[in-house]
Amino acid sequence: MNEPSEIEALAKLADGIGRRDEFESTLRSLGRTAVPAEVLAQLLEKGPVDARPHSPSLIVKHWRGGYGLGVSYWLIGICVGLLSSLFAWFITELYWMEPWSVTIQLLMLLAPVISLCGLTVWQAVGVWRSAGWSIAINRRTRRTNFWAYAARVMTLLGLISQTPALIESASELEEMLRDGFLEMAQRPSIFPDPDDPTTLIFEGDITVGTGYTFRQQVERYPGLKRLVLRSDGGRIVEAEHMAKVVARRGLDTHVIEECSSACTLVFLDGQARTIRPYARLGFHRVSNNTDTVDEQVAATRAVYPRLSDDFVASIVATSPAEMLYPSNDWLLREQLITEWPIPTADDFTFIDADLAPLAPAVFDALQTQARNGDSDSAYQVAYAYALGQPVARDLAMSRALLEVLAGDGVGAAQSALAEFYEFGVGGVSADAQWALFWAIRSLQNGVTSAQMLTDYYQGRVPALQVAVPDLSLEVVPEFGARWDEPLALGTDVYLLEAGDRNLVWVPSAGQLGLVDPDHLAPNTP
């Protein structure tokens, strides 16, 4: 320990210098290399030396408490808050700007959390130490330490208040990382069509990193003209990155089975947008259940800006757990598809495209027999016109022949005609009721494969219920209806407005009959 006389001498030297760095520099010039901590403590009680640490680095100086309390708490605190917000905004904008690989996205998730934690600790330690220096100096000068202690209390309260948010952020980060790694094992398949090098096929969910992988695949094939989609959806941000690539390359989009949720964003940015007849486009609202209706409409409009008000209202009414599948004519009215879906031979269930086509001579013979009234020959001729072999494809001719046969009670023709009404081709409009009608007739005539069609079309026609007790239906003799007893109240039925007759299909009885629509009511599950 230094003698008191030495301390007094150092204190007098401090009186003439006033700054710790200059003070220690003077001591070094006098042959002293350091000032013991206990000496500095006594000097703080005896002299006006400002013992705050100094450093040319702002980061180091603040960490050591080298700035005054006002600068540390207010100026640097405000700058730290602004810097954190600006950095988070920058990362978010960067994330949406371009598609990124999985690795880069994981780093983007980590960076804001790590920077926020680091800046929070750095700021808190700097303020705490600055307050400590202020307390020591104020004791010497006998000034109040209220603001120094207040700064420490506010720093502690700030850390406590931010702890739940940091824990929540860490939990969300852990969940996002877990989901990201899981999705890495469920990457979609993106590959060129082996039969058409101008077509790229996308199959699977739109997972993290899909936008980046998709862009790479598109760039690998400069001759691409069409994108075929088969996806139940996934991440919106990845789908939007894919949509930008599709729009930039001017690709056509086509759906062969289903394109739902986020997948529709990619589909709608195609130049020509087509679907197969049985394919479906699925929509649901993008906002969560806590939003108001106006917020849900605004969020849906932001994602689907070109839809009509009625379509947007239907989407908003569909929760994320459900799916809205618009009819083909609705899609065409909304210009979501650019042309009516024309079925290929593979789309018709009554056509087996793997069978060898008829020879021209055989086809000519069948036509002759069909003109003479042979129904089997007429069916085979209709089949050949729908297949497009060995004659040019003519769906109108095929439908006309099938309609005659269907009216004569040929079950196979009735089943085939149901698909013409489903597709809306061959000179008839798409009509789910007529499609169900002919599927039912074919089922009644012993075509067991029509059960699948009947089940499908029942989902397209709204279900009703018998609204009066003991409802009696009028028998339609040509349909073979035989009612043993009246229908009970609440029986499920399907109303088919076939021409000028109001037919009703009763699945439980497997029969068709005539009914007054006033005796039916909407189905209430």
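Since we're looking at a predicted model, the values are computed, not measured.

### Structural notes on the pairing of strand β11 (residues 511–514)
Link 1 in the chain: A two-sided burial pattern is seen for β11, the buried positions comprising Gln 511 and Gly 513 on one face and Leu 512 and Leu 514 on the other.
Link 2 in the chain: As paired elements, strand β8 (residues 474–475) and β11 share two bridges and run antiparallel to each other. The partner of Val 475 across the bridge, within β11, is Gly 513.
Link 3 in the chain: Note: strand β10 (residues 501–506) against β11, four bridges, orientation antiparallel. Bridge pairing links Val 506 to Gln 511 in β11.
Link 4 in the chain: Where β10 folds back on β11, the antiparallel hairpin that results is connected by four residues, among which Gly 510 adopts a positive phi of roughly 70°.

### Some points on the confidence of the model for the chain
Link 1 in the chain: Averaged over every residue, the pLDDT of the chain is 82; residues scoring 70 or more account for 83%.
Link 2 in the chain: This model gives residues 44–49 a pLDDT under 50, and the stretch forms 20 contacts once residues within four places in sequence are excluded.

### Details of the pattern of salt bridges
Link 1 in the chain: In total, this model carries eight salt bridges according to the counting rule given.
Link 2 in the chain: Three or more residues are tied together by salt bridges with common partners; here these are Glu 203, Arg 230 and Glu 257.

### With respect to the packing of helix α17 (residues 411–423) against helix α18 (residues 432–444)
Link 1 in the chain: Between α17 and α18, whose axes approach to 8 Å, the crossing angle comes to 165°. Considering the angle they form, α17 stands roughly antiparallel to α18. In this structure, α17 crosses over α18, and the sense of that crossing is left-handed. For the pair formed by α17 and α18, the contact residues are Gly 411, Gln 414, Ser 415, Leu 417, Ala 418, Tyr 421 and Glu 422 on the first element and Trp 434, Ala 435, Trp 438, Ala 439, Arg 441 and Ser 442 on the second.
Link 2 in the chain: Classifying every residue of the contact of α17 with α18 gives seven nonpolar, four polar and two charged.

### Quick look at the packing of α18 against helix α19 (residues 450–458)
Link 1 in the chain: The interhelical angle for the contact between α18 and α19, taken along N-to-C directions, is 150°, at an axis separation of 9 Å. If you check the angle between α18 and α19, you find them roughly antiparallel. Relative to α19, the crossing made by α18 is left-handed. For the pair formed by α18 and α19, the contact residues are Ala 435, Leu 436, Ala 439, Ile 440, Ser 442 and Leu 443 on the first element and Ala 450, Gln 451, Leu 453, Thr 454, Tyr 457 and Gln 458 on the second.
Link 2 in the chain: Tallied by class, the residues present in the contact of α18 with α19 amount to eight nonpolar, four polar and no charged.

Rules and cut-offs
Residues numbered from 1 in each chain as written. Predicted model: local features only at pLDDT ≥ 70, side-chain atom pairs only at ≥ 80, totals over all residues. Heavy atoms only, no water. Buried < 20%, exposed > 50% of the residue type's maximum accessible area, 1.4 Å probe, protein only. Helix = DSSP H or I, 4+ residues; strand = E, 2+ residues; numbered from the N terminus. Pairing = 2+ DSSP bridges. pLDDT = per-residue confidence, 0-100. Contact = heavy atoms within 4.5 Å. Salt bridge = Lys/Arg side-chain N within 4 Å of Asp/Glu carboxyl O. Axes fitted to C-alpha atoms, helices over the stretch in contact; angles between N-to-C directions. Parallel < 35°, antiparallel > 145°, perpendicular 65-115°, else oblique. Left-handed = near helix turned anticlockwise from the far one by under 90°. Nonpolar A, V, L, I, M, F, W, Y, C, P; charged D, E, K, R; others polar.

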